[in-house]
Amino acid sequence: MTYAITQTCCNDATCVAVCPVNCIHPAPGEADFGTTEMLYIDPTSCIDCGACADACPVDAIFPADRLTGRLREYEAINAEYYADRAPASAPASPTFHPWGAPSFHRSLPADFAPLRVAVVGTGPAGMYAAEDLLLHTNAEVTLIDRLPVAGGLVRYGVAPDHPATKGAGDTFARFHSHPRVRMRLGVEIGTDVTAEELAAHHDAVIYAVGAPSDRRLGIPGEELPGSVSATSVVSWYNAHPETGADAVRLSTERVVVVGNGNVALDVARVLVTDPADLAGTDIADHALAALRGTRVREVVLLGRRGPEHAAYTTSELLALKHLPGVDLVVDDHDPRTGAAVDAAAAGEKAALLRGVAREAVDWARPPAPDRRRIVLRFHSAPVEALGTDGVRAVRVTAEGSASGTEIGTGLLVRAIGYRGVPLAGLPFDEATGTVPHEAGRVTGLPGGYVVGWIKRGPSGGIGANRACAEETVGTLLADAVAGSLPTPTGTEREFRRLVRSRSRHLIDARGLAAIDRTERARGQASGRPRVKLATVPELVAAARGGRLRPKV
């Protein structure tokens, strides 16, 4: 029996570090590490020890002979990765394979005074950086977030029907109460406290503020009511306190989503999934209620290029193919689509659509009332959103048509990428939407560092932030040893007094734990893992011991 890595792989390589036979690849340091969609276990080398499954933060690894349903495909997916790769030789060694010399490049000398490091942002990027500092040094870490609750992308970006992926949050949460951690939630840098004031109270500051904005389509009618960003939709169904319960209206039978990356697929999947299947997740109460009364029967995903260039990952498309009660259809309007699928070799992205129904969709007709479906329309891009008081249709490009095709819809969702935004006190590159840096060191800002999407752009999932954080922390520690970090003029106690005087919603680790207890208690009352508090006043009241009735 061997093990196999499945859909929820986060790519953070925790499993690689514990494998005694080096059978998980690509590993850190290998040429394609960070570029593949997931990691893979070599079935010819695996010794069935299960160490990788025990270490996996997102429960993505299982014995291959126990895979059921749609997960059974992952046994072959793991094996296919090694089909054209020569197996590594097995040396005669009690450690199974040779290990390199120990390296402690992210550490400080034993007699080095503890650094005070602020980490701005409590999503995966910030938490990987904090974890690295806490495990490899004696640093004291201040965790800061503008929201009165921690979690970032794990809490507000992962689809509710991906609970295993959300499990990464539990790994990060163990550091929230670490004795060398101070939590200052509900503090916005640039508004409550300036970047200069933050730097004055810490030896170094790591900014992990992500890419909270979205890219625009740049087409006429984009500003009409009914035209929204995928960022808003994801925040809406994840109970983000800055996104209102009425931010998304599902009063249309057909939704058009521009883009075919994983976020686009998440939006499409959530909108057509049977609400009964979502009722056991942590989806926002208001989103669940809206989906129970929705008119949406069809979601159309527009891809500018062909299926061979689709941005979604293999695992996310496989999940879509096995969605209960939902048909997956390829719009056969362009002959290049079918040709690419038919010509694709095994293992290529377009080959995943072999066997999926193809249909020359008649967009003049409304969606069928007795079924739900997702339509993949490749080689098609929006050119105009039509309507007066709101979106009523989208005109899209079509092969052989000068005027394009009109697709009737009342909801147009753009899912063509995220974008970073400027932060007061830091340089910003408008072209890339990132902060200029060198190996994580902010250009022209001694003691300032970046990690995550604000550093490298909106690419890579949760696990990609581990290697990103390791680089940034390594740079920070090298600067510390070299004596190039500015000397703080304020103390931790003075910073605590400062944020108390500035923030109206300051929450510490104890308050965060109270929020967690409240949400879990509300979830238990309704058979769910948690019921999220969806507004800032609710979060603050729970953190401060206010009584909130369990929702049933």
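Please refer to the structure higher up on the page.
The structure presented is a predicted model; accordingly, all values stated were derived computationally and were not measured.

Participant: Would you mind showing me how to read helix α4 (residues 124-136) here?
Facilitator: Since one α-helical turn is 3.6 residues long, residues separated by three or four positions face the same way. Look at α4: 18 Å from first C-alpha to last across 13 residues, which is about the 18 Å you get at 1.5 Å a residue. For α4, the buried fraction is high: 11 of the 13 residues fall into the buried class. When α4 is considered as a whole, its buried residues turn out to be Pro124, Ala125, Gly126, Met127, Tyr128, Ala129, Ala130, Glu131, Asp132, Leu133 and Leu134.

Participant: In this structure, what is going on with the sheet that holds strand β10 (residues 227-229)? I would like to understand it.
Facilitator: Backbone-to-backbone hydrogen bonds pair the strands of a sheet. The strands run either parallel or antiparallel. The strand order β10-β19-β11-β12-β15-β13-β14 describes an open sheet built from seven strands, whose pairing is parallel. For this open sheet the edge positions go to β10 and β14 (357-359), each flanked by a neighbour on one side alone. On average, each strand axis in the sheet is inclined to that of its neighbour by 25 degrees, with strand direction left out of account. Sitting on the sheet, helix α9 (residues 230-237) is in contact with β10 and β19 (411-414), with an inclination near 75 degrees to β10.

Participant: Sorry, what's going on with the pairing of strand β6 (residues 140-145) here?
Facilitator: If a strand is regular, its side chains alternate between the two faces of the sheet. Within β6, five of the six residues are buried, leaving the element largely enclosed by the surrounding structure. Where strand β5 (residues 116-120) lies against β6, five bridges are found, and the strand directions are parallel. Opposite Ala118, over in β6, you have Thr142 as the bridge partner. This β-α-β element, β5 to α4 to β6, shows right-handed connectivity. With five bridges joining them, β6 and strand β7 (residues 181-185) adopt parallel strand pairing. Its bridge partner being in β7, Thr142 is matched across the sheet by Arg182.

Participant: Would you take a moment to explain the pairing of β19 for this structure?
Facilitator: Where burial is concerned, the two faces of β19 agree: the one with Leu411 and Val413 and the one with Leu412 and Arg414 are both buried. Strand direction decides the pairing type here: strand β11 (residues 254-258) and β19, joined by four bridges, are parallel. Counterpart to Val256 in the pairing with β19 is Leu412.

Participant: It is not clear to me how the side chain of His162 should be interpreted in this structure. Could you clarify?
Facilitator: Assignment of secondary structure puts His162 in the loop between α5 (153-156) and α6 (163-166). Residues within four places of His162 in sequence aside, it is in contact with Gln7, Asp266, Arg269 and Glu316.

The rules behind the values
- Numbering of residues begins from 1 in every chain and follows the order in which that chain's sequence is written.
- Residues qualify for local features only when their pLDDT is at least 70, as the model is predicted, and side-chain atom pairs are given and counted only at 80 or more; totals for whole chains, interfaces and linings, by contrast, use all residues.
- Each side-chain value is worked out from all heavy atoms of the structure, with water and hydrogens disregarded.
- Each helix is a run of DSSP H or I of at least 4 residues and each strand a run of E of at least 2, with the numbering of both proceeding from the N terminus.
- Expected helix span is given by 1.5 Å per residue-to-residue step, counting one fewer step than there are residues.
- Buried residues are those whose accessible area, probed at 1.4 Å on protein chains only, stays under 20% of the maximum for their type, while exposed residues exceed 50% and partly exposed ones sit between those limits.
- By the convention used here, strands pair only if DSSP detects at least 2 bridges between them.
- To obtain an axis, a line is fitted to C-alpha atoms, over the contacting stretch when the element is a helix, and the angle between two such axes runs from 0 to 180 degrees between their N-to-C directions.
- Here, two residues are considered to be in contact whenever any of their heavy atoms come within 4.5 Å of each other.
- Note on handedness: a crossover is taken as right-handed if, strands pointing away from the viewer, the path from the first strand over the helix to the second is clockwise.

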